[in-house]
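Listed here are the chains, written in short residue letters.
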Amino acid sequence: MKETSKKKVVIIGALASFLFGYHVHEKAILLAVLPLALSAVRSPTDARLFVLLSTIANVSLFPLLFESRETPFKYLLTLFYFFAGSTLLNCAPFSRIER
């Protein structure tokens, strides 16, 4: 079994346990984000998935910031992160590789 296949199995297993777990802590999504970050360095597809999944991870951590004065900041920072990550991926050297 290739190393990339092993990483993908770990990522899919962590995502399945996060999605279908009965009582999952907010930080459990990090179990899927961290291995994906390692494979995002080499693959443009994994890099796009990393930006999307890490944005979802940020949104899943919103309940930890529960005061109403924090609400605009958490939404603005998450939107900025998503658009900055998407823009930088389009400028990356591997964006010119055929998809």
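For the structure itself, look to the data block above.
Residues numbered from 1 in each chain as written. Predicted model: local features only at pLDDT ≥ 70, side-chain atom pairs only at ≥ 80, totals over all residues. Heavy atoms only, no water.

Trainee: Could you give me a rundown of the nonpolar core, with the residues and numbers involved?
Mentor: If you look at the biggest cluster of nonpolar residues, it comprises nine residues: I11, A14, F18, I29, A32, V33, L36, L53 and A57. If you list the elements that add at least two residues to this core, you get α1 (3-20), α2 (30-40) and α3 (44-60). Other than its neighbours up to four places away in sequence, I11 contacts A32, P35, L36 and S39. (Core = buried A, V, L, I, M, F, W, Y, C linked by side-chain atoms within 4.5 Å. Buried < 20%, exposed > 50% of the residue type's maximum accessible area, 1.4 Å probe, protein only. Helix = DSSP H or I, 4+ residues; strand = E, 2+ residues; numbered from the N terminus. Contact = heavy atoms within 4.5 Å.)

Trainee: Outline the pattern of salt bridges, listing residues and values.
Mentor: One pass over the structure, following the stated rule, counts two salt bridges. A salt bridge links D46 to K8; the nearest nitrogen and oxygen atoms lie 3.0 Å apart. Taken together, the residues span a long stretch of sequence, with D46 in helix α3 and K8 in helix α1 at a distance of 38 residues. The exposure class of D46 is buried, given its relative accessible area of 7%. With a relative accessible area of 40%, K8 lands in the partly exposed category. With a closest N to O distance of 2.9 Å, R69 and E67 form a salt bridge. With a relative accessible area of 62%, R69 lands in the exposed category. Residue E67 is classed as partly exposed on the basis of its relative accessible area of 33%. (Salt bridge = Lys/Arg side-chain N within 4 Å of Asp/Glu carboxyl O.)

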